[in-house]
Amino acid sequence: AIRMKFGARGLHEVRAKLSPERREQMRSLPSQSGWCEYDLYLDVLESAVERFYGGDLFGAFDLSRAAKQIDAKRMFHETGIFDSPRALVSQLRSIRNHYLDGGRLESRLVSPSLLRITVSGLPTTSEAAAWDLAGGVAGLLEASGAIHVELVELEIMSRSCVLSLRFEANAPAQGVM
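Conventions used here
Residues numbered from 1 in each chain as written. Predicted model: local features only at pLDDT ≥ 70, side-chain atom pairs only at ≥ 80, totals over all residues. Heavy atoms only, no water. Axes fitted to C-alpha atoms, helices over the stretch in contact; angles between N-to-C directions. Helix = DSSP H or I, 4+ residues; strand = E, 2+ residues; numbered from the N terminus. Parallel < 35°, antiparallel > 145°, perpendicular 65-115°, else oblique. Left-handed = near helix turned anticlockwise from the far one by under 90°. Contact = heavy atoms within 4.5 Å. Nonpolar A, V, L, I, M, F, W, Y, C, P; charged D, E, K, R; others polar. Pairing = 2+ DSSP bridges. Expected span 1.5 Å × (residues − 1). Buried < 20%, exposed > 50% of the residue type's maximum accessible area, 1.4 Å probe, protein only. Salt bridge = Lys/Arg side-chain N within 4 Å of Asp/Glu carboxyl O.

**Thoughts on the packing of helix α2 (residues 20–27) against helix α3 (residues 38–53)**
- Look at α2 against α3: their axes get within 11 Å of each other, and the N-to-C directions meet at 110 degrees. As summarised for this structure, α2 and α3 are arranged roughly perpendicular, according to the angle between their axes. The way α2 lies across α3 gives a crossing that is left-handed. Residues R22, Q25 and M26 of α2 pack against D39, L40, D43 and V44 of α3.
- Taken together, the residues of the contact of α2 with α3 break down into three nonpolar, one polar and three charged.

So this is what it looks like as structure tokens:
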């Protein structure tokens, strides 16, 4: 997502902000790997937020939103998870386990267009992790056909968060007879 939004130079600038150990970890990843140690991911995310968003944690939301759209299309598109926003909401717990390996996620549709999620057991106390999670869910909702996805609440506690996203389900195209 960093390369897509800010180009190769942007990715180089983010790498330059990392510690020498983290740069080496990043350099050793396979070029198309979607997987890395979460602490490395978070360090890269925080560096990008500092560099391109002036430290505003909304940048973590923005980058994660774009990254999860890419992931959904590349890795999970054929699973049926993204057939509709309702199908995605029913699968959020398993997606949480897939991305963050643990913790607890409770989700419910407060109304047909308002999703509320409570997450406990975030792997870190970094606020960027909560913004990343919110952006990730927003990106996954968009990949499932939701439109006008908007973060309306993000309350961050030590290792947990509560977030609400408003969205509209994109109406399926009408066939012509």
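**Brief notes about the packing of α3 against helix α6 (residues 127–143)**
- Interaxial distance between α3 and α6 falls to 10 Å at its minimum, and their mutual angle equals 90 degrees. Here α6 runs roughly perpendicular to α3, going by the angle between their axes. For the pair formed by α3 and α6, the contact residues are Y38, Y41, L42, L45 and E46 on the first element and A128, A129 and D132 on the second.
- Residue composition of the contact of α3 with α6, by class: six nonpolar, no polar and two charged.

**Observations concerning the pairing of strand β2 (residues 114–120)**
- Pairing geometry for strand β1 (residues 104–111) and β2, over seven bridges, is antiparallel. Bridge assignment links S111 to a residue of β2, and that residue is L114.
- Connecting β1 to the antiparallel partner β2 that follows it, the hairpin turn spans two residues.
- Note that β2 and strand β4 (residues 160–169) share seven bridges and pair antiparallel. Pairing of T118 across the sheet is with V162, part of β4.

**Some details on α3**
- The first and last C-alpha atoms of α3 sit 21 Å apart over 16 residues, in line with the 22 Å expected at 1.5 Å per residue.
- When we look at burial in α3, the residues that qualify are Y38, L40, L42, V44, L45, S47, A48, V49 and Y53.

**Observations regarding the pattern of salt bridges**
- Within the structure shown, the criterion is met by eight salt bridges.
- When the shortest N-O distance is used, the salt bridge between E24 and R27 registers 3.4 Å. Taken as a pair, E24 and R27 lie in helix α2 at a separation of three residues, close to a single helical turn.
- Among the residues examined, E24 registers a relative accessible area of 44% and is labelled partly exposed.
- Look at R27 and you get exposed, because its relative accessible area is 56%.

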